[in-house]
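# Fold and contact review
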Amino acid sequence: VKAVICVEGNIASGKTTCLEYFSKTSSIEVLTEPISKWRDVRGHNPLALMYQDPQRWGITLQTYVQLTMLDRHLSAVAAPVRMMERSLFSAKYIFVENLFRSGKMPEVDYAVLSEWFDWITANICIPVDLIVYLQTSPQTCHERLKQRCREEEKVIPLEYLESIHQLYEEWLIRRSSWPVPAPVLVIPADHNLQRMLHQYEENRAKILAASL
Ligand SMILES: Nc1ncnc2c1ncn2[C@@H]1O[C@H](COP(=O)(O)OP(=O)(O)O)[C@@H](O)[C@H]1O
Ligand SMILES: O=c1ccn([C@H]2C[C@H](O)[C@@H](COP(=O)(O)O)O2)c(=O)[nH]1
């Protein structure tokens, strides 16, 4: 039986580090976010453009994110357990929603993206068995983001991470915004690396149980 686990969390919450840890398990295959594609589609960088001018380029980035995430979800599974970074769902429920709610996405762009998303989810089966939510404070993410130093992300203020955090909490904890496609395992993720790895080990059985 194959299982799909999506690792969700704010920007720089530690998702890649978590996936890297579990990639050492032979029964687990890991799919990281297609961010290299978002930074280079035929020589263009829609991620950088979006941060520079979200009003103009938000729909461009999010259309491409939606395509590349769909491609990830539909790619052939090669191991008993698949762990992937984020999902088609968070692209829409967190990032598109954030652009729209903050007034940075025109209503018509939001409508077109929503029509696409609704069509995809109504016509294509996107199986998810478990969501692992790395729950952090926006301050922690802000510090880790500065430390990581991705060129495109230098313009991200703390307020942006606070909005993303609120949307994640509404979706996965308060469950007041959008449908949650799978059970949620919450892992507090403000701790240092050593403690985080220890917590991943403690949660290993629960995570792998998704494949039973
Ligand atoms: N528990 C931790 N404590 C301190 N720094 C961390 C921790 N986990 C990850 N980092 C660092 O924070 C940055 C963001 O982590 P990363 O795993 O890339 O997050 P994400 O994939 O969620 O954006 C990286 O520089 C990483 O080395
Ligand atoms: O739908 C999306 C998904 C991601 N992004 C942005 C947010 C970050 O700048 C990167 C992803 O980096 P992580 O460190 O893996 O969180 O891409 C977006 O704008 N829209």
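Residues numbered from 1 in each chain as written. Chains lettered and ligands numbered in written order. Predicted model: local features only at pLDDT ≥ 70, side-chain atom pairs only at ≥ 80, totals over all residues. Heavy atoms only, no water.

Taken together, the neighbourhood of ligand 2 is formed by 19 residues, with Glu-33, Tyr-51, Gln-62, Arg-86 and Glu-153 sitting nearest. One of the side-chain nitrogen or oxygen atoms of Tyr-51 is found 2.6 Å away from an oxygen atom of ligand 2. Contacts to ligand 2 include Arg-150, whose side-chain N or O atom sits 3.0 Å from an oxygen atom. Summarising the interface, the protein chains cover 98% of the accessible area of ligand 2, which totals 460 Å² for the free molecule. Of all elements in the fold, only helix H2 (35-39), helix H3 (46-52), helix H4 (54-74) and helix H5 (88-101) reach the threshold of two or more residues within the shell around ligand 2. Tallied by class, the residues present in the shell around ligand 2 amount to eleven nonpolar, one polar and seven charged. (Near = heavy atom within 4 Å. Polar contact = N/O pair within 3.5 Å; in protein donor to acceptor, adjacent residues only side chain to side chain. Areas by Shrake-Rupley, 256 points an atom, 1.4 Å probe, with all protein chains shown as cover. Helix = DSSP H or I, 4+ residues; strand = E, 2+ residues; numbered from the N terminus. Nonpolar A, V, L, I, M, F, W, Y, C, P; charged D, E, K, R; others polar.)

With that settled, the discussion passes to H5. Between the first and last C-alpha of H5 there are 19 Å, a value that for 14 residues agrees with the 20 Å anticipated at 1.5 Å per step. With twelve of 14 residues buried, H5 lies mostly within the body of the structure. Elements that come into contact with the buried residues of H5 comprise strand E1 (3-9), H3, H4, helix H6 (107-123) and helix H8 (158-173). Residue Gly-103 follows H5 closely and has a positive phi angle near 80°. (Expected span 1.5 Å × (residues − 1). Buried < 20%, exposed > 50% of the residue type's maximum accessible area, 1.4 Å probe, protein only. Contact = heavy atoms within 4.5 Å.)

Turning our attention to the sheet that holds strand E3 (residues 81-85). The strand order across the open sheet built from five strands is E2-E3-E1-E4-E5, with neighbouring strands paired in parallel fashion. Strands at the two margins of the open sheet, each flanked by one partner only, are strand E2 (28-31) and strand E5 (184-188). For this sheet, the mean angle separating the axes of adjacent strands, direction not counted, is 20°. The pairing of E1 with strand E4 (residues 130-135) spans five bridges and is parallel. Paired with Gly-9 across the two strands is Leu-134, which belongs to E4. Contacts between H8 and the sheet are confined to E1, E4 and E5, with E4 contributing the most and set at about 140° to the helix. (Pairing = 2+ DSSP bridges. Axes fitted to C-alpha atoms, helices over the stretch in contact; angles between N-to-C directions.)

Among the structural elements, Ile-11 can be located in the loop between E1 and helix H1 (15-22). A C-alpha to C-alpha distance of 11 Å links Ile-11 and Arg-148, two positions 137 residues apart in sequence. If we ignore the near neighbours within four places in the chain, the residues touching Ile-11 are Tyr-51, Arg-86, Phe-95, Cys-141, Leu-145, Arg-148, Glu-153, Ile-156, Tyr-160 and Leu-161.

Here H8 is 16 residues long and its end C-alpha atoms lie 21 Å apart, about the 22 Å a rise of 1.5 Å per residue gives. Within H8, the full set of buried residues consists of Tyr-160, Leu-161, Ile-164, His-165, Leu-167, Tyr-168, Glu-169, Glu-170, Trp-171 and Leu-172. Looking at the packing, one finds that the buried side of H8 touches E1, H3, H5, E4, helix H7 (138-148) and E5. Of the residues flanking the end of H8, it is Arg-175, one or two places downstream, whose phi is positive at about 55°.

To continue, consider the UniProt feature "active site" (unreviewed entry) in the protein. According to UniProt, the "active site" (unreviewed entry) feature falls on Glu-85. Examined against the element boundaries, Glu-85 turns out to sit in strand E3. With sequence-adjacent residues up to four places away left out, Glu-85 is seen in contact with Val-7, Lys-15, Thr-16, Leu-19, Leu-31, Thr-32, Glu-33 and Met-69. A distance of 3.2 Å separates the side chain of Glu-85 from the side chain of Thr-16, its partner in a polar contact. (UniProt positions renumbered as here; feature names shortened; annotations may be inferred.)

It is worth spelling out the nonpolar core at this point. In terms of nonpolar packing, the biggest core is built from 45 residues, with Ile-11, Trp-38, Tyr-160 and Trp-171 touching the most fellow members. At eight residues, H5 tops the list of elements feeding residues into this core. Those residues in contact with Trp-171, other than ones at most four positions away along the chain, are Glu-8, Phe-89, Ser-90, Tyr-93, Ile-94, Ile-131, Ser-177, Trp-178, Pro-179, Val-180 and Pro-181. Listed in part, the 20 residues of the second largest apolar core include Leu-19, Met-83, Leu-134 and Ala-210. (Core = buried A, V, L, I, M, F, W, Y, C linked by side-chain atoms within 4.5 Å.)

The element E1 is largely enclosed, with a buried count of seven among its seven residues. Summarising the sheet, E1 and E3 pair through five bridges and their orientation is parallel. Paired with Ile-5 across the two strands is Met-83, which belongs to E3.

For a regular strand, the rule is simple: side chains alternate between the two faces of the sheet. Burial runs high along E3: five of the five residues are buried. The two faces of E3 match: Val-81, Met-83 and Glu-85 on one face and Arg-82 and Met-84 on the other face are all buried. Sheet topology note: the E2/E3 ladder contains four bridges and is parallel. Pairing of Leu-31 across the sheet is with Met-84, part of E3.

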